[in-house]
Amino acid sequence: MNIDTHCKPNFKKARHLATELLLKQDLDSLFINIIDFDIDIPVKIDSVQHYAKVTKRHINDFTCDGFDGCLVLKYSRCNVILYDETETNIARRNWGIAHELGHLYLEHETDGRIQEQEANVFAGQLIVPEAVLYSILVHKGSIKIKDLTNNFNVSKECSKNRLKSFIKRLNFINIDSNLNKKLSEKFRPCIEQCFYEYKQKYIKDAN
Ligand SMILES: [Zn+2]
């Protein structure tokens, strides 16, 4: 068995894997729904309610140990991410699925503090990518929590944390890296659509 014994989180790897996955998606909005993704590892995403029904099991068979909106069932051929369809907060559900997907992409075998941090960084990059925040900042001249809550599929609480970590990392982001350039280019029409008024203002100011 491959036990992950790393004692330092590898956030670079988490961001890299999330960026690569994002670049493979056909997206036309900043409002990212992980459930619609084409995922290139063996994993199915389903609601726990539907999965229990088709497997003729009781929901409690899957949710007994601390079910918090999302979980992964590990099988040798294909893993299953289960979410709670009664969760009315779509952003929370979206984050939960992205977080579990992070554990799978990062091939975590354990669920310790470091693995949790890495999965959160993966989810953050997948739902609110750094290069996109950077482009908004450049485009608009500033960036606020409501820019995130109004445009991304993310809760207010996550928006706060995401913006905080983005500001903290601002000087370390290599915006000219190949992947970041591709990401900025991919999301450019979405950013211009969401922040059109600022673009117009920018053009006006420039003339
Ligand atoms: Zn986790």
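Before reading further, recall that the structure is shown in the block above.
Residues numbered from 1 in each chain as written. Predicted model: local features only at pLDDT ≥ 70, side-chain atom pairs only at ≥ 80, totals over all residues. Heavy atoms only, no water.

Caption draft 1: Here's a closer look at the coordination of the zinc ion. Distances from the zinc ion to its protein donors, namely His99 (NE2), His103 (NE2), Glu116 (OE) and Glu116 (OE), fall within the range 2.1 to 2.6 Å. The coordination sphere of the zinc ion comprises four donor atoms, whose angles at the metal cover 53 to 124 degrees; the geometry is irregular. Going along the chain, you hit the donors of the zinc ion in the pattern H-x3-H-x12-E. With His103 in helix H4 (residues 90-105) and Glu116 in helix H5 (residues 113-127), this residue pair connects regions lying 13 residues apart in the sequence. (Donors = N, O, S within 2.8 Å, 3.2 Å for Na, K, Ca; no water. Tetrahedral: all angles 85-135°; square planar, octahedral: opposite > 155°, others 65-115°. Helix = DSSP H or I, 4+ residues; strand = E, 2+ residues; numbered from the N terminus.)

Caption draft 2: Structural detail: the sheet that holds strand S2 (residues 70-73). One open sheet holds the three strands; their spatial order is S1-S3-S2, and the pairing between them is mixed. A strand with exactly one partner marks an edge of an open sheet, and here the two such strands are strand S1 (43-47) and S2. Across the sheet, the mean angle from the axis of one strand to that of its neighbour is 20 degrees, orientation sign disregarded. Two strands pair when backbone bridges link them, and S2 and strand S3 (residues 79-83) are joined in this way by four bridges, in the antiparallel orientation. (Pairing = 2+ DSSP bridges. Axes fitted to C-alpha atoms, helices over the stretch in contact; angles between N-to-C directions.)

Caption draft 3: Structural context of the side chain of Lys140. Relative to the helices and strands, Lys140 is located in helix H6 (residues 130-140). Assessed through its relative accessible area of 14%, Lys140 is described here as buried. For Lys140, the side chain forms a polar contact with the side chain of Asp147, separated by 2.9 Å. (Buried < 20%, exposed > 50% of the residue type's maximum accessible area, 1.4 Å probe, protein only. Polar contact = N/O pair within 3.5 Å; in protein donor to acceptor, adjacent residues only side chain to side chain.)

Caption draft 4: How the structure looks around the nonpolar core. Core analysis: the biggest nonpolar cluster contains 44 residues, and Ile34, Leu101, Phe122, Leu126, Phe152 and Phe187 have the highest contact counts within it. Within the residue set of this core, elements represented by two or more residues are helix H1 (11-23), S3, H4, H5, H6, helix H8 (156-169) and helix H9 (178-194). Here the element with the most residues in this core is H4; it accounts for six residues. The residues touching Ile34, leaving out its near neighbours within four places in the chain, are Ile45, Asn94, Ile97, Ala98, Leu101, Leu126 and Ile127. The next biggest cluster of nonpolar side chains, apart from the first, holds eight residues, and it includes Phe62, Leu73, Val80 and Leu82. (Core = buried A, V, L, I, M, F, W, Y, C linked by side-chain atoms within 4.5 Å. Contact = heavy atoms within 4.5 Å.)

Caption draft 5: Spatial organisation of unusual backbone geometry. A positive phi angle is found at Lys56, which is not glycine, with a value near 55 degrees. By secondary structure assignment, the location of Lys56 is in the loop between helix H2 (48-54) and helix H3 (59-63). Under the relative-accessibility criterion, Lys56 is labelled exposed at 77%.

Caption draft 6: Structural view of the layout of surface pockets. Its boundaries defined by the atoms lining it, the largest pocket holds a volume of some 670 Å³. Taken together, 27 residues line the largest pocket, and the ones lying closest to its centre are Cys70, Leu71, Val72, Glu100 and Asp111. At the level of elements, H3, S2, H4 and H5 are the ones that each hand at least two residues to the lining of the largest pocket. Among the elements that make up the lining of the largest pocket, the one with the highest residue count is H4 (seven residues). Split by residue class, the lining of the largest pocket holds seven nonpolar, eight polar and 12 charged. By volume, the second largest pocket amounts to about 380 Å³. Contributions of two or more residues to the lining of the second largest pocket are made by H1, H5 and H8. (1 Å grid on protein atoms, 1.4 Å probe; cavity = no way out; pocket = protein on both sides within 12 Å on 5 of 7 lines; lining within 4 Å. Points joined across faces, edges and corners; volume = space filled by probe spheres on them. Nonpolar A, V, L, I, M, F, W, Y, C, P; charged D, E, K, R; others polar.)

Caption draft 7: Looking closely at the pattern of salt bridges. Applying the stated criterion across every chain, the model contains seven salt bridges. One salt bridge connects Asp61 with Arg57, and the closest N-O pair in it is separated by 3.2 Å. The partner of Arg188 in a salt bridge is Glu185, with the nearest N and O atoms 3.8 Å apart. Placement of both Arg188 and Glu185 in helix H9 is noted, with a separation of three residues, approximately one turn of the helix. One salt-bridge network, in which partners are shared between bridges, spans Glu185, Arg188 and Glu192. (Salt bridge = Lys/Arg side-chain N within 4 Å of Asp/Glu carboxyl O.)

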